[in-house]
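The residues making up each chain are set out below.
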Amino acid sequence: GQQLNQSPQSMFIQEGEDVSMNCTSSSIFNTWLWYKQDPGEGPVLLIALYKAGELTSNGRLTAQFGITRKDSFLNISASIPSDVGIYFCAGPSDRGSTLGRLYFGRGTQLTVWP
Amino acid sequence: DGGITQSPKYLFRKEGQNVTLSCEQNLNHDAMYWYRQDPGQGLRLIYYSQIVNDFQKGDIAEGYSVSREKKESFPLTVTSAQKNPTAFYLCASRDPPLSNQPQHFGDGTRLSIL
């Protein structure tokens, strides 16, 4: 299957700091999705990107769909303790028998110190 | 409220035993998915179903089985052939099934070996 490389694997930051994480792919995606997972719960969709070059914000979160369509970035500004969790990037397959399935990055574990 | 319900939240399996994880959705979604999550591994696709009475193997289907007899239900059976079943299992759904719309997740079932 397609491989999404997400970095960094983990981040330890102080409350109020900004956070950046990214995801790259060996092949093109037409959609990029960013999810957040709190401990013991299922992932929740944060931002969906559908167009190359698109920059979309959701509160303190901003995500960008890379021009090459092989990468995406997620930024969190002025982090707060409730930002703690695992952040995943994902891209859906749009071809053949795998149409509709999602490919996920391995996640970025974010820890915020007060 | 519309959503995806996974049950039970915690499940324990004895050696040689089959167990079934429930996933029910009232979102009227055609497509449903099962993922396995291990620490640091991200989400790996076990099985998915684009429509009732049809399903396909994902990347790690060995030792698992599914059925899709009703649109709202997609149960996953972890068989005794799965030698390392301890993990967090996530169910997701999406509609329409053949587009790039995001998947929505349940809150997961944590399976452990006794």
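Above this text sits the structure in question.
Worth saying up front: this structure is predicted, and the values here are computed from it rather than measured. Throughout, a residue's number is its position along its own chain's written sequence, starting from 1. Each chain takes a letter, starting from A, and each ligand takes a number, starting from 1, following the order in which they are written. Totals for whole chains, interfaces and linings use all residues, but because this is a predicted model, local features are given only for residues with pLDDT of at least 70 and pairs of side-chain atoms are given and counted only at 80 or more. To get the side-chain values, take all heavy atoms of the structure and skip hydrogens and water.

Asks: Summarise the pattern of salt bridges; cite the residues concerned and give the values.
Replies: All names here are of chain B. Any carboxyl oxygen of Asp or Glu that lies within 4 Å of a side-chain nitrogen of Lys or Arg is treated as forming a salt bridge with it. Applying the stated criterion across every chain yields a total of 6 salt bridges over all chains. Of the charged contacts, one joins aspartate 38 and arginine 36 as a salt bridge, the two residues approaching to 2.8 Å between their closest N and O atoms. The residues aspartate 38 and arginine 36 share a single accessibility class, namely buried. One network of salt bridges, in which partners are shared, links Arg36, Asp38 and Arg44. For the exposure calls, accessible area comes from a 1.4 Å probe over protein chains only, and a residue counts as buried if that area is under 20% of its type's maximum, exposed if over 50%, partly exposed in between.

Asks: Which residues make up the state of the cysteines, and what values do they have?
Replies: Criterion for a disulfide: a pair of cysteine sulfur atoms within 2.5 Å. The tally for this structure, following the rule as stated, stands at 2 disulfides over all chains. Linked covalently through their sulfurs, cysteine 23 of chain A and cysteine 89 of chain A form a disulfide whose S-S length is 1.8 Å. Where cysteine 23 of chain A bonds to cysteine 89 of chain A through sulfur, the torsion about that S-S bond is close to 40 degrees, and the disulfide is right-handed. Here cysteine 89 of chain A lies in strand E9 (residues 85-92) and cysteine 23 of chain A lies in strand E3 (residues 19-25), a separation of 66 residues in the sequence. Just as cysteine 23 of chain A is buried, cysteine 89 of chain A falls in that class too. The disulfide that involves cysteine 23 of chain B links it to cysteine 91 of chain B, with 1.9 Å between the sulfurs. When the S-S torsion is -75 degrees, as for the bridge of cysteine 23 of chain B with cysteine 91 of chain B, the disulfide is left-handed. Here cysteine 23 of chain B, found in strand E3 (residues 19-25), pairs with cysteine 91 of chain B, found in strand E9 (residues 87-94); they are 68 residues apart in sequence, far enough to count as distant. Summarising the burial analysis for this pair, cysteine 23 of chain B and cysteine 91 of chain B share the class buried. Only runs of H or I of at least four residues qualify as helices and only runs of E of at least two qualify as strands under DSSP, and these elements are numbered from the N terminus.

Asks: Describe a nonpolar patch on the surface, naming the residues involved and giving the relevant values.
Replies: Patch membership is restricted to residues that have no salt bridge and whose relative accessible area is over 30%. Joining uses 9 Å for like charges and 5 Å for the nonpolar side chains Val, Leu, Ile, Met, Phe, Trp and Tyr. Here the accessible surface of atoms and residues is derived via Shrake-Rupley with a 1.4 Å probe, and residues count as covered only by protein chains that are part of the display. Taken together, the side chains of Tyr10, Phe12 and Leu114 of chain B present a nonpolar region at the surface, about 380 Å² in accessible area. Examined against the element boundaries, phenylalanine 12 of chain B turns out to sit in strand E2 (residues 10-13).

Asks: I'd love a proper account of the side chain of threonine 77 of chain B, names of residues and values included.
Replies: Residue and element names in this part refer to chain B. For threonine 77, the position within the fold is in strand E8 (residues 76-78). On the basis of relative accessibility, which here comes to 18%, the residue threonine 77 falls in the buried class. Definition of a polar contact: a pair of N or O atoms within 3.5 Å, with one able to donate and the other able to accept a hydrogen when the atoms are protein atoms, and with sequence-neighbouring residues admitted only if both atoms are side-chain atoms. A distance of 3.0 Å separates a polar atom in the side chain of threonine 77 from a polar atom in the side chain of threonine 20. In contact with threonine 77, other than residues within four places in its own chain, are Asn18, Val19, Thr20, Gly63, Tyr64 and Ser65. It only takes one pair of heavy atoms within 4.5 Å for two residues to be counted as in contact.

Asks: Please set out the sheet that holds strand E8 (residues 71-76) of chain A residue by residue, giving values where relevant.
Replies: Residues and elements named next belong to chain A. With antiparallel pairing, 5 strands are arranged side by side in an open sheet as E1-E3-E8-E7-E6. Sheet topology places strand E1 (4-7) and strand E6 (55-58) at the edges, where each strand pairs with a single neighbour. If you compare each strand with its neighbour and ignore which way they point, the axes differ by 15 degrees on average. Strands are treated as partners if at least two bridges between them are detected by DSSP. The sheet contact formed by E3 and E8 spans 6 bridges and is antiparallel. In the strand pairing of E8, valine 19 is matched with isoleucine 76. Axis geometry follows a simple rule: fit a line to the C-alpha atoms, using only the stretch in contact for helices, then measure angles between N-to-C directions, giving values from 0 to 180 degrees.

Asks: Break down the environment of threonine 62 of chain A for me, with residues and values.
Replies: Residue and element names in this part refer to chain A. Here threonine 62 lies in strand E7 (residues 61-65). The class of threonine 62 is partly exposed, set by a relative accessible area of 21%. Note: C-alpha distance between threonine 62 and glycine 91 (29 residues apart in sequence) is 17 Å. Apart from residues lying up to four places away in sequence, threonine 62 is in contact with Ile47, Leu55, Thr56, Ser57, Phe73, Leu74 and Asn75. Here serine 57 takes part through its side chain, which lies 3.2 Å from a polar atom of the side chain of threonine 62.

Asks: So what's going on with the sheet that holds strand E7 (residues 64-66) of chain B? Which residues, and what values?
Replies: Residues and elements named next belong to chain B. One open sheet accounts for 4 strands, arranged E1-E3-E8-E7; its pairing is antiparallel. If you trace the sheet from one side to the other, it starts and ends with strand E1 (4-7) and E7, each paired once. In this sheet, adjacent strand axes meet at a mean angle of 20 degrees when their direction is disregarded. As defined by bridge partners, E3 adjoins E8 across 3 bridges and the pair is classed as antiparallel. Paired with threonine 20 across the bridge in E8 is threonine 77.

Asks: Explain the side chain of arginine 36 of chain B to me, using residue names and the numbers behind them.
Replies: Residues and elements named next belong to chain B. As for its placement among the helices and strands, arginine 36 is situated in strand E4 (residues 31-38). Within polar-contact distance, the side chain of arginine 36 engages the side chain of aspartate 38 at 2.8 Å. Here threonine 86 takes part through its backbone oxygen, which lies 3.4 Å from a polar atom of the side chain of arginine 36.

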